[in-house]
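Residue-level listing of the chains:
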Amino acid sequence: MGIRFVLMVNKQGQTRLAQYYEYLTLEERRALEGEIVRKCLARSDYQCSFVEHRKYKIVYRRYASLFFLVGVDNEENELAILEFIHLLVETMDRHFGNVCELDIMFHLEKVHFMLEEMVVNGCIVETNKANILAPIQLMDKSS
């Protein structure tokens, strides 16, 4: 499969967005998110952006006050996932104009839609920013 989940978390450890591509109960999700967030936020800027946790490899990157965490299979390429995170941030930047935590909180459905355009069933299917944003811009025009 590849990508198992995508999390966006602020510096205080509050989850702002969670998208799962495999079934986990709410209790399992809460426990997993808590463990991963504590582990990643405790790391310094000088440590690498890859952490192994349970059966996942966690690839994360910090942009301003937000951490983007992606859980992948152990066979997945970490650098490709870092590029995916960067693409997601650039896509949100293009739409929102210098995206911040409040943009994600107030436009959560648009961020989910962007993610759904990029990833289907744990596989990255679209990397063109214009193609990702086209349906969202059409929805904005119609409303």
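What you see is a predicted model; the values in this text were computed from it and never measured. (Residues numbered from 1 in each chain as written. Predicted model: local features only at pLDDT ≥ 70, side-chain atom pairs only at ≥ 80, totals over all residues. Heavy atoms only, no water.)

(A) Structural detail: the overall build of the protein. Of the regular secondary structure elements, the protein holds 5 helices and 7 strands. Mapped in sequence order, the helices and strands of the protein form the string β-β-α-β-β-β-α-α-α-β-β-α. Here the C-alpha atoms of the protein give a radius of gyration of 15 Å, agreeing with the 15 Å that 2.2 N^0.38 yields for 143 residues. The principal-axis extent of the C-alpha atoms belonging to the protein is close to 45 × 30 × 30 Å. Where the 17 positive side-chain charges of the protein centre and where its 21 negative ones centre are 4 Å apart. (Helix = DSSP H or I, 4+ residues; strand = E, 2+ residues; numbered from the N terminus. Rg over C-alpha atoms; globule rule 2.2 N^0.38 Å. Lys, Arg positive; Asp, Glu negative; His and termini not counted. Charge placed at Lys NZ, Arg CZ, Asp CG, Glu CD.)

(B) View of the nonpolar core. Counting 30 residues, the largest nonpolar core has Ile3, Phe68, Phe84 and Met92 as the members making the most contacts within it. In terms of residues, this core owes the most to one element, helix α2 (residues 78-96), which gives 9 residues. Leu7, Tyr20, Phe67 and Leu69 belong to the second largest nonpolar core, which has 15 residues in total. (Core = buried A, V, L, I, M, F, W, Y, C linked by side-chain atoms within 4.5 Å. Buried < 20%, exposed > 50% of the residue type's maximum accessible area, 1.4 Å probe, protein only.)

(C) Representation of unusual backbone geometry within the structure. You will see that Asn98, though not glycine, has its phi angle at about 55°, which is positive. In this structure, Asn98 sits in the loop between α2 and α3 (101-106). According to the relative accessible area criterion, Asn98 is exposed, its value standing at 65%. A positive phi angle, near 55°, is found at Asn121, a position not held by glycine. Locating Asn121 in the fold gives a position in the loop between β6 (119-120) and β7 (123-124).

(D) How the structure looks around the sheet that holds strand β1 (residues 3-10). Strand order in the open sheet made by the 5 strands is β2-β1-β5-β4-β3, with antiparallel pairing throughout. Edge positions in the open sheet fall to β2 (15-20) and β3 (50-53), since each of these has one partner strand only. Sheet twist, expressed as the average angle between the axes of neighbouring strands with direction ignored, equals 20°. Where β1 lies against strand β5 (residues 66-72), 7 bridges are found, and the strand directions are antiparallel. (Pairing = 2+ DSSP bridges. Axes fitted to C-alpha atoms, helices over the stretch in contact; angles between N-to-C directions.)

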